[in-house]
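Examining the three-dimensional arrangement
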Amino acid sequence: MSRVVELFHKLGLEVDPQLLRVALTHRSFAYENGGIANNERLEFLGDAVLGVVVTEYLYNSYPDFPEGKLAKMRSAVVNANALADVARGLNLGADIFLGKGEIATNGADKASILADTLEAVIGAVMISAGRDAVMRFIHHLFDPLVDAAAISGAGLDWKTSLQELCAEYGLAVPTYLVADSGPDHAKRFEAVVAIDEWRSEVGSGTSKKYAEQEAAAAAFSFLSAHHSSRDA
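Residues numbered from 1 in each chain as written. Predicted model: local features only at pLDDT ≥ 70, side-chain atom pairs only at ≥ 80, totals over all residues. Heavy atoms only, no water.

Regarding the environment of Asp95
Summarising the element assignment, Asp95 is placed in the loop between α6 (80-89) and α7 (100-104). Not counting the four nearest positions on each side in its chain, Asp95 is found in contact with Ser2, Val4 and Leu24. (Helix = DSSP H or I, 4+ residues; strand = E, 2+ residues; numbered from the N terminus. Contact = heavy atoms within 4.5 Å.)

With respect to the packing of aromatic side chains
A complete count under the given rule lists four aromatic pairs for this structure. Look at Trp198 and Phe222: their rings are 5.3 Å apart centre to centre, the planes differ by 20 degrees, and that puts the pair in the stacked class. Taken as a pair, Trp198 in strand β3 (residues 198-199) and Phe222 in helix α11 (residues 208-231) lie far apart in primary sequence, 24 residues in all. A residue is classified by how much of its surface remains accessible, and Trp198, at 27% relative accessible area, is partly exposed. Under the relative-accessibility criterion, Phe222 is labelled partly exposed at 43%. (Phe/Tyr/Trp six-rings, centres within 6.5 Å; stacked < 30°, edge-to-face > 60°. Buried < 20%, exposed > 50% of the residue type's maximum accessible area, 1.4 Å probe, protein only.)

Examining the pairing of strand β2 (residues 188-195)
Of all the eight residues making up β2, six are buried; the element is thus mostly covered by neighbouring parts of the structure. Pairing of strand β1 (residues 175-181) with β2, which is carried by seven bridges, proceeds in the antiparallel orientation. By the bridge assignment for β2, Ala179 is matched with Glu190. Both β2 and strand β4 (residues 203-205) contribute to a ladder of three bridges, which runs antiparallel. (Pairing = 2+ DSSP bridges.)

As for the side chain of Thr25
With respect to the helices and strands, Thr25 occurs in the loop between α2 (17-23) and α3 (27-32). Here the side chain of Thr25 touches Arg21 through a polar contact of 2.7 Å, landing on its backbone oxygen. Not counting residues within four places of it along the chain, the set of residues in contact with Thr25 comprises Ala30, Ile36, Ala37, Asn38, Asn39 and Phe97. (Polar contact = N/O pair within 3.5 Å; in protein donor to acceptor, adjacent residues only side chain to side chain.)

Description of the confidence of the model for the protein chain
On average, residues of the protein chain carry a pLDDT of 89, and 94% of them reach 70 or more. Mean pLDDT values for the elements of the protein chain range from 76 in α11 up to 98 in α2. (pLDDT = per-residue confidence, 0-100.)

Brief notes about the nonpolar core
Formed by 49 residues in total, the largest nonpolar core has its most connected members in Leu118, Phe137 and Phe142. The set of elements that each furnish at least two residues to this core consists of α1 (3-11), α2, α4 (40-61), α5 (67-77), α6, α8 (111-129) and α9 (131-150). A per-element tally of this core places α8 first, with eleven residues. In this view, Phe142 contacts Leu50, Val54, Val77, Leu83, Val86, Leu118 and Ile122; residues no more than four positions away in its chain are not counted. Formed by 14 residues, the second largest nonpolar core is a distinct cluster that contains Cys166, Ala191, Ile195 and Ala219. (Core = buried A, V, L, I, M, F, W, Y, C linked by side-chain atoms within 4.5 Å.)

What follows is the structure, encoded as structure tokens:
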């Protein structure tokens, strides 16, 4: 059973299996198989639904934040890289029906394909299970990201936020140790934040920038919690 289906069961959502299959069908697979239905229309719907649900959550949960801050938070959560990361957490790439060309170029881990497919899944939940169900699904996946964005300063850039935090605590300036692996068309990057002798958890992604951001986010979370508990 796929992780997304397991999550449906956990949340008590009944999603039409046929519609879910369409949501997981990339246009490359549809083209190679006689022009069957693909996920682009569901993606269009899911994109709109996701935007509304996240925006409403921001508006209700952060009444003291100005419009500009809310907009930056929404952008930090509703973007291809963030959606792709959520999709990776669901191992969604393993469920996507891809054409041979996309399979050959590691399409199952491309941020654009993962993000679009997750939006299509959201669209499928909306159509087959209704508004309450899709809101429950989105809140489960995205509320933690929104709340994490709320504590990130400097325009929601984790690297800048971490640098500010280190300055506040009198720590050394963070440096980044990055390694890459894989063929040129499907490289993976891993990054670690170094602050004096301390090392963060490993951040990974399909670009150096994203791996560094992920490592910075992990470092920010650890250092914030560590210093908060020490000061308590």
